[in-house]
Each structure stands twice: as C-alpha cells, then as structure tokens.
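Working through the structure, step by step
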Amino acid sequence: MRIDLPGVGAYELKEPARWPVPETPATSRVVYAAAHVVADPLGDNTPGSPAAVDWDATLRFRRHLWSYGLRVADAMDTAQRNMGLDWAATKELIRRSAAEARSLGDPAELVACGAGTDHAPGAADLDTITAAYAEQIETVQATGAGVIVMASRQLARTAAGPADYHRVYGKLFGLADRPVILHWLGEMFDPQLAGYWGSRDVAAATESFLELIHAHAPLVDGVKVSLLDEEHEVGLRAALPDGVKLYTGDDFNYPSLIRTGSHALLGIFDAIAPAAASALRVLDAAEAASDAKARDELLAAYDVVLAPTVRLSRKIFEAPTYHYKTGIVFLAWLNGHQDAFAMVNGAQSARSLLHLSEVFRLADQAGLLTDQELAVGRMKALLAVNGL
C-alpha cells in the first residue's frame, strides 16, 4: 500500500505488525499510560471555550489501554490540563474514568488522576494554593482513584524558595488516604513551571525534592519525572528512599530507563500501547531468566520492539514539546479510536502537515498503524482538506 506524503514523497507502507493482547499485565514494572481526551467534533472546542468531550470515545480509549495491561494516568498534561481541559470537564473525566475502572477492578490499581491548582488561576498565596490542591485531591480520592500531585503553575509563581514547596506539600501529605505520586514536569513541557522545587538550578531543585521525599517517604508511592535527562533520572532513582518508585516521564529515553529499573508514566504509551505491552512481557521474561545468554537475547528483543517507537516519540515530542498532544490524538484518529481529528482548545492545529506526515511514516515504521487501509484513507482525507 502506497501514499504520497508531503516532505516524504511516495511512501510504501510496511507489512503490518500484529500485537497480541496480553492475558495478564506485565509484572516487572508498574506502567501507566497518560491518556488523552477525545473532543466532541460537534462541540465548540475553539480556543478559550469550555471543553466539549466525547465521553463514550474517551472511555473506550481507556478500555483499550487497560486491555493491554497498562494502568491509566488520567487528567494529566496529556489530557490537556492547563491547555484547554477546564476544571468542570476535568472533574467529570475523573469521575467517569474511575467509575469505568471500577467496572473492571479496583480503581486505585487501574487509574491515578492528576490533582493540581489549575481551577484557581489567581491563587497568589500559599494558603490559597494549598486549599486549591486540597479540593482537587478530595475530588480524586472520592472516586477511589489514586492521586498524582501535579506541579502547580500558581505555586511556581508564588513560592520564594524550597521551604515554601515543603510547607505546601507537607500539608498535602496529611490529606492523602494512601501514598501519592509526585509529579516533576520540566519547563519544556510547561514553561510556567521553570524553577520548580525552589531553584532553576536542577541540582539544587533535586536536593530540595529529595529532602521532601525522604521526610515523607511512607506517603510517597513514587515520583514521576519529566525532564528528558537520562543521566539525571538515573541519579535521582538511586537516591530515592527504599520503596519509592521512579516513574519515568522521559519520552526520549524510556527503553533504557525502564530496562535499568524505572517504572513508567508516559504520554507516548497512549500512542504505542500495543508495542509497549509486548516489550514489557519480553522484559518480564528477561528478568525471570536464569541463564545469562537467554537474558541478554531477551533484552535485545525488548530493544528491537521499542527502538522504532523512540524515533516516533522523539518526533511527536519535538520542540515545542508541549504540543505533543497533537501527535498523540492524530495517531488515535488514524487507528480508529476516535472519529475525528479534533481536540479541545482547537489544538489539532498546533502541528504542521509536514510534522504529521512524518509522524504517519514513523508510526508505520514502528508497526503502529493497526489498520493500514483506514489510516491511509484518513491521511488522504487530511491531505485533501489541505489542498493536496
């Protein structure tokens, strides 16, 4: 099957891959896919409007992720928090996602949701910021879902130094009914989070972060780190208290980080769930192997599965990184998980046609166009709308 792609030319698609749905989840790592929301194509999702969500398609996509043995991280930046998903829609997403998880098992085991301060954009003192966090934590906990304490733009703007972060987070730990995941989102994902944990110097910020975690270790399930710095993550992972997980959020270097011990909470796993699940089962087998040669062969097979997904991920997450959601939703549309290439806040326009054409090619190279006829038909329709 062939298609003419702008910037690529005549492109011959690969033989389609077949990704088996696992009977049980992988056990060697705890893995979350940060999931996107599906916009209602008939809703007013123009920039600045309240989010209009296609709830049926949104929940159907979460069932897709669960079917591959992945947990779901919901109401996170992949779901366009702080970029179009307003608090009213976020509350509904948390409620619906947790209820859907409950139909399959324990919501706390299947889904964790972001709690932040984005519904209080004008918060400008620590007490108000703490109260805003508390409201969202209560909202998540009331559903039975796990809590991910998201980085706060309001706290980044207000805090005078590490002590202010420790004061706010220390109070939040007292509200938690089970251990939480802390989220360190780098400024490449959100420029308004520059200097988080009290310093623009990463080493100083890391020292502050570790001091907080060590002081409250029993209440920290893990830390989700999205700095796109493999060396830093390895060092941070080694410095965490026993029992506290490092969930990699590095969409550039995840294969090696997971292989060497990180767990995962990744936006790219929204798009590559079938390949990720397959690779994780190989990693399970490798870590269970008693023979060194067999283990090395399995680890090599793990790398073979994920290597082409990294090329895809690096394209989707290229600068400006915070527009990665467009590529994620584009692939969901190509693969038939939603009927329209539409996003809340009109964010489908955030990437160029040349960018999307290369995403199409790299997704095919990674074996992630699961219905090539559908994908080619939809890509041709997009090209036609753009005069090609």
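Placed above this text is the structure.
These notes cover the structure that comes with them. (Residues numbered from 1 in each chain as written. Predicted model: local features only at pLDDT ≥ 70, side-chain atom pairs only at ≥ 80, totals over all residues. Heavy atoms only, no water.)

**Let's talk about the overall build of the chain**
Note the following rule: Only DSSP runs of H or I covering at least 4 residues are called helices, and only runs of E covering at least 2 are called strands; the numbering of each starts at the N terminus. Two things to know: the radius of gyration comes from C-alpha atoms, and the globule rule equals 2.2 Å times the number of residues to the power 0.38. Partly exposed residues are those whose accessible area sits between 20% and 50% of the maximum for their type, while under 20% is buried and over 50% is exposed, using a 1.4 Å probe and protein chains only. Contacts were defined at the residue level, with two residues in contact if any of their heavy atoms lie within 4.5 Å. To be clear on the numbers: accessible area is Shrake-Rupley with a 1.4 Å probe, and residue cover counts the displayed protein chains and nothing else. Only four residue types enter the tally: Lys and Arg on the positive side, Asp and Glu on the negative side, with His and both chain ends excluded. Lysine's charge is taken at NZ, arginine's at CZ, aspartate's at CG and glutamate's at CD.
In terms of regular secondary structure, the chain is built from 15 helices and ten strands. For a compact globule of 388 residues, the expected C-alpha radius of gyration is about 21 Å, and the chain comes in at 20 Å, within 12% of that figure. Projected onto its principal axes, the C-alpha coordinates of the chain cover approximately 60 × 60 × 40 Å. A total of 388 residues make up the chain; the buried ones form 59% of that total. The contacts of the chain with a sequence gap of at least 6 include a subset with a gap of at least 24, amounting to 71%. When the accessible surface of the chain is split by element, carbon and sulfur atoms take 52% of a total near 15,100 Å². Put simply, the chain has 34 plus and 48 minus side-chain charges, and the middle of one group is 2 Å from the middle of the other.

**Points about helix 11 (residues 273-288)**
Convention followed: Expected span, for any helix, means 1.5 Å times one less than how many residues it has.
Under the 1.5 Å per step criterion, the end-to-end length of helix 11 is 23 Å for 16 residues, consistent within 8% with the ideal 22 Å. Within helix 11, twelve of the 16 residues are buried, which leaves it mostly tucked inside the rest of the structure. Structurally, helix 11 contributes buried residues whose contacts are with strand 3 (31-34), helix 1 (55-67), helix 9 (254-259), helix 10 (268-271) and helix 12 (292-316).

**Describing the sheet that holds strand 6 (residues 146-149)**
Where we set the bar: Pairing between two strands requires that DSSP report at least two bridges joining them. Angles shown run from 0 to 180 degrees and are taken between the N-to-C directions of axes, each axis being a line fitted to C-alpha atoms and, for helices, limited to the stretch in contact.
Pairing in this closed barrel of eight strands is parallel, and the strands run 3-4-5-6-7-8-9-10 around the ring. With strand direction ignored, the average angle separating the axes of adjacent strands in the sheet is 25°. Summarising the sheet, strand 9 (residues 245-248) and strand 10 (residues 263-266) pair through two bridges and their orientation is parallel. Opposite Thr248, over in strand 10, you have Ala264 as the bridge partner. Here helix 7 (residues 202-215) sits on the sheet and contacts strand 7 (180-185) and strand 8 (220-226); the angle it forms with strand 7, its principal contact strand, is near 170°.

**With respect to the packing of aromatic side chains**
The condition that has to hold: Pairs were defined over the aromatic rings of Phe, Tyr and Trp, the Trp ring being its six-membered one, requiring ring centres within 6.5 Å. Orientation was assigned from the angle between planes: stacked under 30 degrees, edge-to-face over 60, tilted for the rest.
Applying the stated criterion to the full structure yields 15 aromatic pairs. Ring geometry for Phe330 and Trp333: centres 6.3 Å apart, planes at 40°, overall tilted. Remark: Trp333 and Phe330 occur in helix 13 (residues 324-334); sequence separation between them is three residues, near one turn of the helix. A network of ring pairs unites the aromatic residues Tyr133, Tyr165, Tyr169, Trp184, Tyr196, Trp197 and Phe209 as a single cluster.

**Thoughts on empty space enclosed by the protein**
Put simply, the rule reads: A cavity, in this analysis, means grid points on a 1 Å lattice covering only the protein atoms where a 1.4 Å probe fits yet has no way out; a pocket is instead an open set bounded by protein on both sides within 12 Å along at least five of seven lines, and a residue lines either one if it has an atom within 4 Å of a point. Grid points are joined across faces, edges and corners, and a volume is the space filled by probe spheres set on the points. Only Asp, Glu, Lys and Arg are considered charged, only Ala, Val, Leu, Ile, Met, Phe, Trp, Tyr, Cys and Pro nonpolar, and every remaining residue, Gly among them, polar.
With the rule as written, the count across this model stands at five cavities of 30 Å³ or more. Its volume calculated, the largest cavity comes out at about 60 Å³. Around the largest cavity, the lining is made up of 13 residues, and of these Asp77, Thr78, Lys224, Gly267 and Tyr324 lie nearest the centre. Elements that contribute at least two residues to the lining of the largest cavity include exactly strand 8 and strand 10. Broken down by class, the residue content of the lining of the largest cavity amounts to six nonpolar, four polar and three charged.

**A short note on the layout of surface pockets**
If you add up the space inside the largest pocket, you get close to 280 Å³. Taken together, 20 residues line the largest pocket, and the ones lying closest to its centre are Pro25, Ala26, Gly69, Leu70 and Arg71. Of all elements in the fold, only helix 1, helix 3 (107-110) and helix 11 reach the threshold of two or more residues within the lining of the largest pocket. Per-element accounting of the lining of the largest pocket gives the leading share, three residues, to helix 11. The residue inventory of the lining of the largest pocket, partitioned by class, reads eleven nonpolar, four polar and five charged.

**Re the pairing of strand 8**
Successive residues of a regular strand alternate their side chains across the two faces of the sheet. Going by this rule: Here, the term right-handed applies to a crossover whose path from the first strand over the helix to the second runs clockwise when the strands point away from the viewer.
Along strand 8, seven of the seven residues are buried, which leaves the element largely enclosed by surrounding structure. Pairing of strand 7 with strand 8, which is carried by six bridges, proceeds in the parallel orientation. The residue of strand 8 that forms the bridge with Ile181 is Gly222. For the crossover that starts at strand 7, traverses helix 7 and ends in the parallel strand 8, the hand is right-handed. In this fold, strand 8 hands off to helix 8 (residues 230-239), which returns the chain to strand 9; that crossover is right-handed.

**A few points about the nonpolar core**
For clarity, the cut-off: Buried Ala, Val, Leu, Ile, Met, Phe, Trp, Tyr and Cys residues form a nonpolar core when they are joined through side-chain atoms within 4.5 Å.
Core analysis: the largest hydrophobic core is formed by 127 residues, its most contacted members being Tyr169, Leu182, Tyr196, Ile268, Phe269, Phe330 and Phe360. Residues within four places of Phe269 in sequence aside, it is in contact with Val31, Tyr32, Ala33, Leu65, Leu70, Tyr254, Ile258, Ala264 and Ala276. Ala73, Met76, Ala112 and Met150 belong to the second largest nonpolar core, which has eleven residues in total.

**Remarks on the packing of helix 6 (residues 162-173) against helix 7**
Here is the rule we go by: Here is the rule for angles: anything less than 35 degrees is roughly parallel, anything more than 145 is roughly antiparallel, 65 through 115 is roughly perpendicular, and the remaining ranges are oblique. The crossing is said to be left-handed when, going from far helix to near helix, the turn is anticlockwise and less than a right angle, and right-handed when the turn is clockwise.
Put simply, helix 6 and helix 7 touch, their axes get as near as 10 Å, and they point 30° apart. Here helix 7 runs roughly parallel to helix 6, going by the angle between their axes. In the crossing of helix 6 with helix 7, the sense of the turn from one axis to the other is right-handed. Contacts between helix 6 and helix 7 involve Pro162, His166, Tyr169 and Phe173 on the former and, on the latter, Ser208, Glu211 and Leu212. Among the residues making up the contact of helix 6 with helix 7, the classes are represented as four nonpolar, two polar and one charged.

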